[in-house]
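So you can see what is in the structure, the chains are spelled out below.
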Amino acid sequence: MTQTTHAWGHGLATSDARGNVLDVWFRTPKLGPAPVTDELWVVPRELDALVGEDKRRLVNTHVVRTESDLTQPVSSVEDAYLRLHLLSHLLVTPNSINLEGLIGQLPIVAFSSIGSISLEDLDQLRPQLIKAGVVIHAVDKFPRMLDYVTPAKVRIADASRVRLGAHLSPGTTVMHEGFVNFNAGTLGASMVEGRISQGVVVGDGADIGGGASIMGTLSGGGKEKITIGKRALLGANSGVGITIGDDTVVEAGLYVTAGTKLTLITQEGEKPLKAVELSGVPNLLFRRNSLTGRVEALSRTGAGVILNKDLHP
Amino acid sequence: MTQTTHAWGHGLATSDARGNVLDVWFRTPKLGPAPVTDELWVVPRELDALVGEDKRRLVNTHVVRTESDLTQPVSSVEDAYLRLHLLSHLLVTPNSINLEGLIGQLPIVAFSSIGSISLEDLDQLRPQLIKAGVVIHAVDKFPRMLDYVTPAKVRIADASRVRLGAHLSPGTTVMHEGFVNFNAGTLGASMVEGRISQGVVVGDGADIGGGASIMGTLSGGGKEKITIGKRALLGANSGVGITIGDDTVVEAGLYVTAGTKLTLITQEGEKPLKAVELSGVPNLLFRRNSLTGRVEALSRTGAGVILNKDLHP
Amino acid sequence: MTQTTHAWGHGLATSDARGNVLDVWFRTPKLGPAPVTDELWVVPRELDALVGEDKRRLVNTHVVRTESDLTQPVSSVEDAYLRLHLLSHLLVTPNSINLEGLIGQLPIVAFSSIGSISLEDLDQLRPQLIKAGVVIHAVDKFPRMLDYVTPAKVRIADASRVRLGAHLSPGTTVMHEGFVNFNAGTLGASMVEGRISQGVVVGDGADIGGGASIMGTLSGGGKEKITIGKRALLGANSGVGITIGDDTVVEAGLYVTAGTKLTLITQEGEKPLKAVELSGVPNLLFRRNSLTGRVEALSRTGAGVILNKDLHP
């Protein structure tokens, strides 16, 4: 599968006066091995206009040719940015490529309305930046996705809430209270009003309610990445530390972690469980009984519930 | 009541190269029928300076004269924007005019620091936008209110959190974690640190705590719009799916939906109820008993509690 | 201790056409008494370039020399801004200087990408601001910290979420859902994904989970400022209205206020308490028992728990 183990692209790299690469923009990243002849490495014309010295930021911008082996750890800033672009261009899905070393390779920079600026220069530049009306968005390792990629058929109500590396499928809406980290996102049309942590993917038709929290990995120390099933609903201000199955609902305001002791209620009666045993089970309703205060899981269909075999002791 | 069934204004409309209207700014929208003679249709001079081609965005801006019959469904982009302006200029209150068709009429565009940009052009324009330092705020149907309207005696700590069409009365403060949707807002001086959904209005002196969630309509499928009473308090991280009466308090961290089974505690004893039966009832305290876990409603005055007649079965 | 009771600096002040000071930027505020000779009052050259009339905003910018007696109430806009800068430059810690009168002295202005603008002028200027691509960040009393100060070794994922006057120590990360008010912040390296209210300080190594809420003062009317201990963990969507001791954990989704009646569980058995009696106690786990709904506090070390002497009746 050479096609999906490698990727390449021409990027517009920004370097500070000390030669450190601050960020790289890949306009049209591609899967597959890089072309072997120089002819196919032709620099896109639209990047040319952006190449050169930018005295406002004390940086130089230049075109780089980057190729990544997606099965290997991230080896440079250019490599890191290329992989983030692959995710946001929907060329790869979250958790499908090697991101080891990514955070270590990314420098902390000031992301501004005129591009990246080294933190070593920011204070010196501040007076002229103020005069020029430059907006500083963040001092961070990850920029805002919308400053690098335009996702198709996606709404993002506040550009500050979606990081480069987010994977937003057509039909997705990220509202003001939504948030999507890198290597995380949606696999279909979803309404996102809560926070999708690194590594989390959300199925088609799911609804992440306002202020809902999704832990990145199984709470309690697991390495298993959490997913949210198709047509699942996380109520407003709810949260989960387990995988949520298709058509499963978590009541507004309830936080279910892996260790939550709950009562499974089916036609056959009640059964005490830990929530992790219901990780990934479809068609459930998680709620806190408002008369007794106990957390319960109910079958929404009336059918029996099959526990998670991997996790059920 | 001709005065309140019609509205009109001169708007600055932005159209893309294909002739699609992207957004319209009405500086001084007016209630009442539009003037019948041409003289009164004089284009405001301050709009003139903004008319013309804008190559940075591949758009044309031109002045439109729009009149809306507020009793009829929304019929165009211009009409949609005029109605949103009426709300944010406090000329009409939320839920008082016909907004049928509004969302369908509004195009999804990129809202930027130099105005609206067609999504069809955004990728092509990106290199020059980067160079010019243009900030993309959102890719959405609704822009930020502060980019169109300056509300009087109102504080907005983060402009990204208030949509055009929000109705913010003098004395209101919207903090960083606050959010106000279109056709929603405050009727008096309120502290807003939580999320006011579409259709929700908040009474004078109410306090919406940090991260508090207000469902747009009665949870459980109702069409009744939710309101928050005068001097009501929603605690931090709380949430409601019912209408909250005057002087009623919801404890921090508690989510009360219409179907929440709770115990009403009065001098006469305890009574089991669904929360919807207390929809709109004043002077209550909603809390979850931290010893038993059950949800309770208590009279804050010691006086008897009269249930919601419309909703009490 | 003259050194810490006074502070001074050259500031770049912005005044509107009516002579009202809108904001002041102190590039290098200093602790201690101001120099007595004129020579040491030399205006920094880098401020010179910013001095003059700015017709875009209808303001004048000029250099001021401000000295503050930090033991006295805030006496002017310049004084207010100097004290906010002292906090964000880490020259003073939260709650260590007199901030009486601060809010009253600060004017409400529009903070934009080209600086502060009077609200009286904003509507008139709007057409030309649109054309110039000016971004309005807020209409508020407090600007964004990153527009005035570059903190060392700190990450801020969304500049809109940290107010000038925040105190962020090296190693701190403020994620997108984090928020830090003025006179509040971190004393060491902390992960901030929740909201740090005015007056709250967070200890080294603490983790404030996504959407977590920290009340500013002891809930229930107290004036005692809340602190979060070293290595403490507030789970996602949790909240506290008491001081949290070192190494203490609050479970995700649980809100603990001063008045929360809970059960302390130790080797010696169970003991009913109000949460305020555990204010500041280290090594606890606060949780809501998911079988009984009651709120519990457990010793994380197995050792006995010593109640807060000041608060335990």
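Preceding this paragraph is the structure being described.
Cut-offs and rules
- Residues numbered from 1 in each chain as written.
- Chains lettered and ligands numbered in written order.
- Predicted model: local features only at pLDDT ≥ 70, side-chain atom pairs only at ≥ 80, totals over all residues.
- Heavy atoms only, no water.
- Helix = DSSP H or I, 4+ residues; strand = E, 2+ residues; numbered from the N terminus.
- Buried < 20%, exposed > 50% of the residue type's maximum accessible area, 1.4 Å probe, protein only.
- Contact = heavy atoms within 4.5 Å.
- Areas by Shrake-Rupley, 256 points an atom, 1.4 Å probe, with all protein chains shown as cover.
- Least-squares fit on C-alpha atoms with pLDDT ≥ 70 in both.
- Buried area = accessible area lost by both parts, 1.4 Å probe.
- Salt bridge = Lys/Arg side-chain N within 4 Å of Asp/Glu carboxyl O.
- Polar contact = N/O pair within 3.5 Å; in protein donor to acceptor, adjacent residues only side chain to side chain.
- Expected span 1.5 Å × (residues − 1).
- Bend = angle between axes of the 7 residues up to and from the residue.

Asker: What am I meant to see in the overall build of chain A here?
Answerer: The number of helices and strands found in chain A is five helices and 27 strands. Seen through its C-alpha atoms, chain A measures out along the principal axes to roughly 70 × 50 × 35 Å. Residues classed as buried in chain A amount to 61% of the 313 residues present. Excluding contacts between residues fewer than 6 apart, the proportion of contacts in chain A whose partners are at least 24 apart in sequence is 50%. Element-wise, carbon and sulfur atoms account for 51% of the exposed surface of chain A, whose accessible area totals about 11700 Å².

Asker: It is not clear to me how the relation of the copies chain C and chain A should be interpreted in this structure. Could you clarify?
Answerer: In summary, the two copies of the chain are related to each other by a rotation about an axis coupled with a shift along it. Placing chain C over chain A gives an RMSD of 0.0 Å and needs a rotation angle of 120°, together with 0.0 Å of translation along the axis. Both chain copies can therefore be described as sitting about a three-fold axis. No C-alpha of chain C approaches the rotation axis more nearly than that of Gly-293 of chain C, which lies at 2.2 Å.

Asker: What am I meant to see in the interface of chain A and chain B here?
Answerer: Interface extent is often summarised as the accessible area lost during association of the parts. Listed as interface residues are 37 residues of chain A and, on the opposing side, 39 residues of chain B. Between chain A and chain B, a total of about 3000 Å² is buried, with carbon and sulfur atoms accounting for 51% of that surface. For Glu-177 of chain A, the salt bridge identified is with Arg-161 of chain B, shortest N-O distance 2.6 Å. Between chain A and chain B we count 19 residue pairs in polar contact (both at pLDDT 80 or more) in total.

Asker: Would you explain the environment of Val-249 of chain C in this entry?
Answerer: Residue and element names in this part refer to chain C. One can find Val-249 in strand β22 (residues 249–250). Here Val-249 falls in the buried class, since its relative accessible area comes to 13%. The contact partners of Val-249, leaving out residues within four places of it in the chain, are Leu-233, Leu-284, Leu-285, Phe-286 and Arg-300.

Asker: How do you make sense of the environment of Glu-46 of chain C when you look at a structure like this?
Answerer: Within the secondary structure, Glu-46 of chain C sits in helix α2 (residues 45–48). Considering only alpha carbons, one finds Glu-46 of chain C and Lys-30 of chain C, 16 residues apart in sequence, at a separation of 17 Å. Once residues within four sequence positions are removed from consideration, Glu-46 of chain C is found in contact with Pro-127 of chain A together with Arg-27 of chain C.

Asker: Whenever I open this one, helix α5 (residues 119–132) of chain B confuses me. Can you help?
Answerer: Side chains that are three or four residues apart share a direction in an α-helix, a result of its 3.6 residues per turn. A rise of 1.5 Å per residue sets the reference length of α5 of chain B, with its 14 residues, at 20 Å; its end C-alpha atoms lie 18 Å apart and thus fit the reference within 8%. Taken as a whole, α5 of chain B carries its principal kink of about 65° at Leu-125 of chain B; the proline Pro-127 of chain B stands between one and four residues after it. Among all positions in α5 of chain B, only Asp-121, Leu-122, Leu-125, Arg-126, Pro-127 and Leu-129 of chain B are buried. Of the surrounding secondary structure, the elements contacted by the buried residues of α5 of chain B are β2 (21–26) and α2 (45–48) of chain A together with β1 (6–16), β6 (109–112), β7 (115–117) and β8 (136–140) of chain B. Where α5 of chain B begins, the capping side chain belongs to Ser-118 of chain B, and its oxygen is found 3.1 Å from the backbone nitrogen of Glu-120 of chain B. Two residues or fewer past α5 of chain B, Gly-133 of chain B is found with a positive phi of approximately 75°.

Asker: What should I look at first to understand the side chain of Ser-290 of chain A in this one?
Answerer: With respect to the helices and strands, Ser-290 of chain A occurs in the loop between β26 (284–288) and β27 (295–299). For Ser-290 of chain A, a relative accessible area of 12% puts it in the buried group. Among the polar contacts listed, one links the side chain of Ser-290 of chain A to the backbone oxygen of Lys-261 of chain B, at a separation of 2.6 Å.

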